[in-house]
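Report on the structure
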Amino acid sequence: MSTAREADAARAPGAARGRLRVYLGAAPGVGKTYAMLAQGRRALTRGRDVVVGLVETHGRARTAELIDGLETLPRRTLTYRGATFTELDVDAVIARKPKIALIDELAHTNVPGSRNAKRWQDIEEILDAGIDVISTVNIQHLESLNDVVEQIAGVPQRETVPDEVVRRADQVELVDMSPEALRRRLAHGNVYPPEKIDAALSNYFREGNLTALRELALLWVAGKVDEQLERYRADHGIAGTWEARERVVVALTGGPEGDTLVRRAARIAARTQGADLLAVHVTAPDGLAGADPAHLARQRTLVESMGGTYHQVVGDDIPRALLDFARGVNATQLVLGASRRGRFAQVLSPGVGVTTTARSGSIDVHMITHEEVSKGLRRASRSRAVLTRRRRLAGWALAVAGLPALTAALVPLRGTLALPGEILLFLLTVVVVALVGGRSPAVVAAVGAFGLLNWYFTPPLNTLTVAEPENLLALFVFVLVAATVSTVVDLAARRTREAARAGAEAEVLSTLAGHVLRGEAALPSLLARLRETFTLTSVTLLERVGPAGPDHRSAPQSWRIVATSGGPPCASPDDSDTDVQVDDRLVLAVRGHLLDASDRRVLEAFAAEAAVALRQERLRQEAEAARPLAEADRMRTALLAAVSHDLRTPLASAKAAVDSLRNTTIEWTPQDRAELLATAEESLARLDRLVANLLDMSRLQAGVLGLTLHPVALEDVMPRAIDDLGPLGERVQDDIPGDLPEIMADPALLERILVNLMSNAVRYSPPEHRVLVTGSHYGDRVEIRVIDRGPGIPPDAHDQVFLPFQRLGDRAGHTGVGLGLALSRGLAEAMNGTLTPDETPGGGLTMIISMPVGEHR
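Residues numbered from 1 in each chain as written. Predicted model: local features only at pLDDT ≥ 70, side-chain atom pairs only at ≥ 80, totals over all residues. Heavy atoms only, no water.

Looking now at the overall build of the protein. Counting its secondary structure elements, the protein contains 26 helices and 24 strands. Expressed as a percentage of its 857 residues, the buried residues of the protein come to 42%. Accessible area for the protein stands at about 43,800 Å²; split by element, carbon and sulfur atoms hold 56% of it. (Helix = DSSP H or I, 4+ residues; strand = E, 2+ residues; numbered from the N terminus. Buried < 20%, exposed > 50% of the residue type's maximum accessible area, 1.4 Å probe, protein only. Areas by Shrake-Rupley, 256 points an atom, 1.4 Å probe, with all protein chains shown as cover.)

Below is the structure:
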């Protein structure tokens, strides 16, 4: 126990992200909170530092008993619409720094005014602080199942949590209970109070509802376990099949026997509950499928009607492509049709079925007989040559033309050259044919060269007999060497193409990794890169809308195009040549040509990155949409914080003066009455200016401030502005030259600017110094300077003072909501003027108003 405590104490904040454990249930009352608290108590007995961050007992006595003995942190209290609520105190949990925090109801929505909108966001902060969290959630609160649960129970769920949050959990444990047992718990009063039991049993807690919700929970957890298994196999490089779940793959050739194979595979899958059925068809790399499209279309419909999925891959080695696909989907059984080839063909080559069975390893292979076996193979065998068609034709041409030309050249030299030399020249020709055209023309050339050497150059001449045994041996060695060389050349060409494919795949993945690291996650760029990589016609990212139906893959109305690149986009997955399922709702569909089975790895990497890019783009859009709201909320908060103080002061003064004047029990002297009236007048005047500033600022921000610009003389505006200051006007010195030209302005707004600037200058100037207002004329501008001898403003804070609701340094003892300078600058700019601050020589601040010279019409 001491070791665990020492480890907890030595843990550095933020050193590592905490681990999340979630107890998942099908419905309220199955015991999620009870299981969470029991796990917390077990951890406590093992010496772990455990605290209760927040647990909702809902009045359940047995649940409340488990909290005894566990340290419980205080909750945060919030007031909303006159009511008091308590929420999780994130700061308290992080400050306490336990090893494990127990936090109930992962999908809970926090009270408005909380730091985060959802409790799972609070938990994310706690996890980032290095604290392990144990939480609970019901299956109906998962975002992807929200509409399904509403269809089952008829009740919409307002509180949801993204599936990804729960999927990212380090451990998800299902708390299961049969519907009958849960209904008994409910009837005994262990879930809800007595007054709610009858309504719950007859509505949400009906046996059918609970059974459906339980199935959803079991399937979701099974999917989560399946993801963990796939991740473990990928992390540990395990390519073999683990029979954790039955997956039956049926291979279709496009022949009429496919219907029989699909039905047989469906019966095999039906023997195991929850088994998956997948159909796959392998096409040639050149796109010549060699199969009847009508048969394939019918068989695809048949597979999907039985709850299976149809896939199409490209491969020049059919057994290898089949097994690569089967291992890629972690298949446990593979269904093949019996060969339709003749016996002689089976002697020459074992065939797809025998080869696949020999290489299958742990995958069970079923060879299914059918009526088409006796009819034989009626379609041409597909070419699996590894060389290009041009090179094969060149090899045949060289074999047909080169050997007779060499024979014609050597016949006159029969007396000069010995047989070994002639054999070497023919061998050289065969090797050249092998290098150019591959194995088939080289073998034919070797046999032809054998006949030509025997007829023209081996005694006795012009016969097919060989007199010397060593000559016969030389001819057979010649044929063997020629065949061997041609085979080696063909194998080298195959390996070269495989190496080129692997190199290209590595280059594509490297480019994709660089694309991610550089942050180039824009969907159009990513899809365009994929289209260019595989020379596709179009690449489309589709998102399913609404629940999945039996024909949703082929129904365009079930899909929404998220992003596309290239030609006409795919309207549904069935419109594509190849598609990759990214998650429950996203599918990457490509059109142009079929992709090789080995290319699906690269395609799946692009699909995963496309999903990440889409997620990032949507988060960015949500952040952009939330930024104005956050800014508006900040402005409202600042306004309320400022107005709550600055409205209270003049209101309190005016109210106190009026209440005193109305008090009939006190006889006021004329001087006292005049002073109280003056106080009320001054307070109400301050209140009037504050409200006017607020209204004008709102009009400025809304762009609806009315302006009437015409030539104005400053000597007409200044006296009215000083009068508006009231007693403060005595501390202002008007030094405006009388020869200044008129300026183009709105007189009322210009007066407001001067009043705001002069009152602000007087407020910050020492009592022994007066505020000086002067003016000057430069070109087509007139500058008005309001000069004070106050503390001044640092140059780097000049722009800060013009922010709304901002008082530099937040000095106490000064009134106003910080709108004066912001409003003054806004009014000046609305009249085509400027307002800039400057330092007063000797100390202080000078505010410079620059206005255009007025034009007389």
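Let us now look at a nonpolar patch on the surface. A surface patch of nonpolar side chains, amounting to about 200 Å² of accessible area, comprises L413, L417 and L425. Of note, L413 is situated in the loop between α16 (389-410) and α17 (419-437). Taking relative accessible area as the criterion, L413 reaches 37% and is therefore assigned partly exposed. (Patch = residues over 30% accessible without salt bridge, like charges linked within 9 Å, V, L, I, M, F, W, Y side chains within 5 Å. Salt bridge = Lys/Arg side-chain N within 4 Å of Asp/Glu carboxyl O.)

Per-residue confidence for the protein gives a mean pLDDT of 77, with 78% of residues at or over 70. Below pLDDT 50 for its whole length, residues 1-14 participates in 20 contacts with residues either more than four positions away or in separate chains. Long-range and interchain partners of residues 376-385, a stretch whose pLDDT sits below 50, account for 18 contacts in this model, where long-range means more than four residues apart. (pLDDT = per-residue confidence, 0-100. Contact = heavy atoms within 4.5 Å.)

Spanning 19 residues, helix α18 (residues 439-457) covers 25 Å between terminal C-alpha atoms, matching the ideal 27 Å at 1.5 Å per step. For α18, every residue scored as buried is listed here: P441, A442, A445, A446, A449, L453, N454 and F457. (Expected span 1.5 Å × (residues − 1).)

A positive phi angle is found at E105, which is not glycine, with a value near 55°. Residue class for E105 comes out partly exposed when judged on its relative accessible area of 24%. Look at N832: it is not a glycine, yet its phi comes out positive at around 65°. Looking at where N832 falls in the secondary structure, it is placed in the loop between α26 (820-830) and β23 (834-839).

Attention now goes to the side chain of N209. Along the polypeptide, N209 turns up in helix α10 (residues 207-235). Among residues more than four places away in sequence, those in contact with N209 are I152, A153, N203 and Y204.

On to the sheet that holds strand β13 (residues 364-368). Reading across the sheet, the 5 strands line up as β11-β10-β9-β12-β13 and stay open at both edges, with parallel pairing between neighbours. For this open sheet the edge positions go to β11 (309-314) and β13, each flanked by a neighbour on one side alone. Put simply, the sheet's adjacent strands are angled 25° from each other on average, direction ignored. Of the pairings in the sheet, the one linking strand β10 (residues 276-283) to β11 comprises 6 bridges and is parallel in character. (Pairing = 2+ DSSP bridges. Axes fitted to C-alpha atoms, helices over the stretch in contact; angles between N-to-C directions.)

Reading across the sheet, the 6 strands line up as β3-β2-β6-β7-β1-β8 and stay open at both edges, with parallel pairing between neighbours. At either end of the open sheet lies a strand with only one pairing partner, and these are β3 (71-72) and β8 (171-175). Across the sheet, helix α5 (residues 119-128) lies against β1 (20-25), β2 (50-54), β6 (100-103) and β7 (132-138), angled at about 160° from β7, the strand it touches most.

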